[in-house]
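Chain by chain, the residues run as shown.
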Amino acid sequence: MERDFENESQDVIAIKRPSSQERTNQIWTVASGKGGVGKTFVTSSLAICLSKLGHSVVIVDLDLSGANVHTAFGMSPASNSIRHFFEGSKTLSELVIPTQVPRVSYIQGFWDAWTPTDLSVEQVRHLAPEMKKLNADYVIVDLGAGALESHLEMLKLADEKILLSSPEPTSIEKTYRFIESFVCHSLKDHSIPEAYDHMIQQLRNHRHGFSEKNFSFRTYLRENSGIQPDFFDALMTKPLRLIVNSCRSQANTELGHAMKSVCYKYYDFKVDFLGSIDYDNAVWQSIRNREPVLIAQPFTPLAGQFLTTCKQLIDPKELRAVI
Ligand SMILES: Nc1ncnc2c1ncn2[C@@H]1O[C@H](COP(=O)(O)OP(=O)(O)OP(=O)(O)O)[C@@H](O)[C@H]1O
Ligand SMILES: [Mg+2]
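Criteria and cut-off values
Residues numbered from 1 in each chain as written. Chains lettered and ligands numbered in written order. Predicted model: local features only at pLDDT ≥ 70, side-chain atom pairs only at ≥ 80, totals over all residues. Axes fitted to C-alpha atoms, helices over the stretch in contact; angles between N-to-C directions. Helix = DSSP H or I, 4+ residues; strand = E, 2+ residues; numbered from the N terminus. Parallel < 35°, antiparallel > 145°, perpendicular 65-115°, else oblique. Left-handed = near helix turned anticlockwise from the far one by under 90°. Contact = placed C-beta atoms within 7 Å. Nonpolar A, V, L, I, M, F, W, Y, C, P; charged D, E, K, R; others polar. Buried ≥ 20, exposed ≤ 12 C-beta atoms within 10 Å, placed from the backbone. Pairing = 2+ DSSP bridges. Near = placed C-beta within 6 Å.

(A) Quick peek at the packing of helix α5 (residues 121–132) against helix α6 (residues 149–157). As a packed pair, α5 and α6 sit with axes 8 Å apart at the nearest point and diverge in direction by 30°. It follows that α5 is roughly parallel to α6 by the angle criterion. Crossing of α5 over α6 shows right-handed handedness. Contact with α5, carried on its side by Val121, Val124, Arg125 and Ala128, involves Glu149, Ser150, Glu153, Met154 and Leu157 of α6 and no other residues of that element. Split into classes, the residues belonging to the contact of α5 with α6 amount to 5 nonpolar, 1 polar and 3 charged.

(B) Quick look at the pairing of strand β5 (residues 138–143). Where burial is concerned, most of β5 is hidden: 6 out of the 6 residues are buried. On β5, burial covers both faces: Tyr138, Ile140 and Asp142 on one face and Val139, Val141 and Leu143 on the other are all buried. Pairing geometry for strand β1 (residues 26–32) and β5, over 5 bridges, is parallel. Across the sheet, residue Thr29 finds its bridge partner in β5, namely Val141. Sheet analysis places strand β2 (residues 57–62) next to β5, joined by 6 bridges and oriented parallel.

(C) Layout of the sheet that holds strand β8 (residues 272–278). With mixed pairing, the 8 strands of this open sheet are ordered in space as β3-β4-β2-β5-β1-β6-β7-β8. The open sheet has two free edges, formed respectively by β3 (96–98) and β8, since each of these has just one partner strand. In this sheet, adjacent strand axes meet at a mean angle of 25° when their direction is disregarded. Pairing between β2 and strand β4 (residues 104–107): 4 bridges, direction parallel. Bridge pairing links Ile59 to Tyr106 in β4. Contacts from helix α14 (residues 301–313) reach β6 (160–165), β7 (240–247) and β8, with the element oriented near 165° to β8.

(D) A look at the site of ligand 1. Around ligand 1, the surrounding shell holds 19 residues, and the nearest of these are Gly35, Gly38, Lys39, Thr40 and Phe41. Listing elements by their share of the shell around ligand 1, those giving two or more residues are α2 (39–52), β7 and α12 (281–288). In terms of residue class, the shell around ligand 1 is made up of 8 nonpolar, 8 polar and 3 charged.

Next comes the structure, spelled out in structure tokens:
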């Protein structure tokens, strides 16, 4: 029997909606240092959660190495993709495609190339303001893995910067590297080139163990000229928000707190720990069944974890969720 998602979600949720004039959409970007840690799953699940809370969402698939947001919604790739936006033949709004979930749409990413697509920082700077014009409450960008300049720029321009890690040491290590890269990328535009190169050299020395002290960005900026220290503080007013996905133990779920402390201790850089998501076999099973897990199983601990995460990201006072 076909489920009536539209009525189902309207039954359980009532929220105060801002008028169209008050509305400005929020861009959330989901990134990770390592591939395969669950960015696409988390992106689609956050979108579903937002829709259950009454919000409209457009997901932009910006995985340059192979888009697959459509798969998370059990759909085939659409022939019109974000490539057409960059080629100038379509506006971003013309590329919005509805999914089976009410209020959740997506923009097809690059999927018809046989090598990863190269996207420049300038292209991302052109894309971000167009995303702001999309008719939705939230735009969630699903990036590919790694600290490519275009990824770092997309993260920098986002209202919410979500960084995903798994509890595996390989992923944790790449998450720290990603954070370093993000700080460096963000400082670059506020530096004179020689000062920036000097900082990178110091970081390299530190990584090679030539320096006994921890590399504190704050101390470095205080003791060296050529990079605006105020901008470093400004970076933390919209912090990176860490999610640890695929947790299988209590220790895994607490890992985010430890990672936050490490960033503070080693770099003097504050990140926010948003929450943990359990490992659940239902996730990959539901992808095979072509139905997102939060739709197939809406009342599980996993769904609760996403709801809590969403509520931390949006203003909880606006919500009147009666689930
Ligand atoms: N919490 C979870 N529990 C169980 N399986 C999960 C969970 N999160 C993700 N997975 C599974 O892990 C695999 C990778 O997930 P996903 O494609 O979302 O990662 P990704 O970070 O987007 O990968 P890529 O870097 O290739 O874009 C998928 O098979 C997905 O079903
Ligand atoms: Mg992905």
